[in-house]
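What follows is the residue order along each chain.
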Amino acid sequence: MTCYYEMHVETYATLSKACYRCPFNITDCEREDCIASDGFRRMIYAINRQLPSPQIRVCENDRVRVKVMNHMSNGEVVSIHWHGIHQQNTNYMDGVSMLTQCPILPLTEYEYSFVASPHGTHYYHSHVGTQRGDGLAGALIVKPSTDIHLQLYQHDLMEHTLLIQDWFHVLGGGKAALHLHARDNNRPDTLLINGVAPGDVTSDDGLNVTQIPYKFLTVEKGNSYRFRVISNALMNCPIEMYIESHSLLVIASDGADIAPVITDVLVISGGERYDFVLLANQTAANYWVYLRGLTDCSQRKTQTLAILHYEGAPLAHPLSTPNSYDQRPTDVLTLNPFNMGLVNDDPTDMHLTLNKLESAETNPRWISQEPTTKVYLQLGLHRTSSPLFNVAGLYGWMDDIIDIPGGGTVLAQINSVNSILPPWPYLSQYDDIPESTFCDVGSASVNETYCQDNFCQCTHRLRVGLGEVVELVMFDRGKYWNISNHPMHIHGQFVHVMAMGQMPDLYMTREDLLKLDSAGEIKRNFDKPIKKDTIMMPNGGYVVTRFKAENPGVWFLHCHNEVHVEQGMSMVIEVGDSKQWPQTPSPAYKCGSVVKPATQSQTVSNTASTGSCLLMGLRICLLLHVLRLSQ
């Protein structure tokens, strides 16, 4: 079957004139095109004037066609990524601006066409800047041809698909700019659940106070329900979810089925998805649903509540007083905990880390083979001089502007390199990109020792042959701010979680990791390791993953914390050579820089931090020098 959709992307507003007197007349909040959110009026980006964007439900292997029309009045471009869809042989439909396609220009349209696979809970979102955190994100549910968990639940309702995220009272791009350039914080104002955050609202004249109502999730006593939870968190904010008097039977993560496991608390980081079954076996009443923000969200004790409502009970608040942020239950089972449960291998531990879960599928034959390629990727926040956010000798470098000895700018990086997308789309205009734009993982073009103390920038890539078995070992250095969160998302494939671990002092070097591995202390699980496409990295710890490179093309690997990916915590995985990549259908429009960068030979190890900058940084430095000469 072919499923066709139209998406009108535009600049819009919460509490627009479509809302009439909402929220002071609550019935007005239900009007068409009214977006109440948390009762604070602000600009947003919207698809079909909905928040979250419209939910898409299709069947596995359906053909999905989506026409996206860019009507944004402020001249912004857009592209849509289908997060969780592997795009087998349709790499050009992955929706990463300047990687797999040209962005969709204002007043133009673009049609995406792909096969809905694999099945599971996925979502779609803008892959330009911070637009996804400002409204451009919606659920994408692919129903399986055969559901191995079907006997566990009776209902799978659209209203039980929950898209949750951090929410700001300013545009995400503005928040990021203030954080990176003006030392402002990156903490959200609230958390949204399906576009709503309950709370008090005061009228503009200060004379009236009302409340945005709670979101009700309705069930019937004695029935079982499949809930699908998607985190679209923009910043450093994993979210804990728990439901008063109910346990959660988790059956899938990132669309991949797992052996059912019971938990009391579920932690979900940006880009992750979890499915759980809820058995409505309590007294027919109302119960609190808690969303509790961690890390940066914890500093404001950010928490949002909804209500689990049993049919037959009054449509009202629960009788119990809700827990405050600090009253989170203790001594309860927690699945996917943040920074817990990896150091102590006690089987009675209450933390269900990913390496303790089991796939519901049989092992692929290649999983126990010796990997063809083994790669170590160091993730971390590094103190370095960056021409993107400071100018040496003027401001921001070697100044005590942050609580780190010696000052400096802290950048999110992979292997101490800030990655940028090329000035021409990687997939469709590969031949236009000078080779000097790239630096390869493990090659002579990347001197990691040098880059630990100097600013290095390039299009960072990992090249693997088609059919290779790749062991990708990611480790977080820790050291600075051990509450930082790196949910690493890979496009185009699943990875199997083979092992996880963490250093007791939450600080890990490459030497520590190699020493552990050579001593046999990293125990790989070859018995049904789960599949993921987004993994919350432990601070000062590691995750060992494996995948088989069977999907030719160029695939983005990046942190789903938007400030981090904008800083450069990303890279491109090339699977196969360019002749093996799917060819962009004709006609395909081209885009990119008008003037090609200089083609002189350069590597990320020969660039002095005080005299020049690499690639994009070079252009920035030249511009600054020109401006100063003209003064």
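The preceding data block contains the structure.
Quick caveat: nothing in here was measured; it's all calculated off a predicted structure.

Bringing the packing of aromatic side chains into the picture now. Enumeration according to the criterion identifies 13 aromatic pairs in this entry. Where Trp82 meets Tyr124, the ring centres are 5.5 Å apart and the plane angle is 40°; that geometry is what we call tilted. Placement of the pair is Trp82 in strand S5 (residues 80–83) and Tyr124 in strand S7 (residues 120–126), with a sequence separation of 42 residues. Judged by relative accessible area, Tyr124 falls into the buried class, the value being 0%.

Next up on the list: the sheet that holds strand S23 (residues 351–352). Across the sheet, seven strands lie side by side as S13-S21-S20-S15-S18-S22-S23; this open sheet has mixed pairing. Of all strands in the sheet, those bounded by a partner on one side alone are strand S13 (216–219) and S23. Relative to strand S18 (residues 265–268), strand S15 (residues 239–243) is paired through three bridges, and the arrangement is antiparallel. Directly across from Met241, in S18, lies its bridge partner Leu266.

Relative to the elements of secondary structure, Leu157 occurs in the loop between strand S8 (137–143) and strand S9 (161–167). Once the C-alpha coordinates of Leu157 and Arg228 are considered, the two residues, 71 residues apart in sequence, prove to be 9.3 Å apart. Sequence-distant contacts of Leu157, that is, excluding residues within four places in its chain, are made with Arg57 and Tyr225.

Right, let's get into the nonpolar core. Counting residues in hydrophobic clusters, the biggest one holds 66 residues, and the most contacted among them are Phe227, Phe276, Leu308, Leu377 and Met488. Looking at which element gives the most residues to this core, the answer is strand S24 (residues 373–384), with four residues. Apart from the residues lying within four places of it in its own chain, the contact partners of Met488 are Leu379, Ile414, Met474, Asp533, Thr534, Ile535, Met537, Leu557, His558, Cys559 and Met569. The next biggest cluster of nonpolar side chains, apart from the first, holds 39 residues, and it includes Met7, Tyr45, Tyr110 and Tyr112.

So, on to the pattern of salt bridges. If you walk through the whole model with that rule in mind, you get 33 salt bridges. Asp254 is the partner of Lys532 in a salt bridge, and the nearest nitrogen-oxygen pair spans 3.3 Å. Of the two residues, Lys532 sits in strand S32 (residues 531–532) while Asp254 sits in the loop between strand S16 (248–253) and strand S17 (256–263), which places them 278 residues apart along the sequence. For the pair Lys532 and Asp254, one class covers both residues: buried. Close ionic contact of Arg463 with Asp440 constitutes a salt bridge, the shortest N to O distance being 4.0 Å. Residue Arg463 is found in strand S28 (residues 457–464), and its partner Asp440 is found in strand S27 (residues 438–440); the two are separated by 23 residues along the sequence. What you see here is one network of salt bridges that share partners, running through Arg57, Lys143, Asp147, Asp156, Arg226, Arg228 and Asp275.

What counts and what doesn't
Residues numbered from 1 in each chain as written. Predicted model: local features only at pLDDT ≥ 70, side-chain atom pairs only at ≥ 80, totals over all residues. Heavy atoms only, no water. Phe/Tyr/Trp six-rings, centres within 6.5 Å; stacked < 30°, edge-to-face > 60°. Helix = DSSP H or I, 4+ residues; strand = E, 2+ residues; numbered from the N terminus. Buried < 20%, exposed > 50% of the residue type's maximum accessible area, 1.4 Å probe, protein only. Pairing = 2+ DSSP bridges. Contact = heavy atoms within 4.5 Å. Core = buried A, V, L, I, M, F, W, Y, C linked by side-chain atoms within 4.5 Å. Salt bridge = Lys/Arg side-chain N within 4 Å of Asp/Glu carboxyl O.

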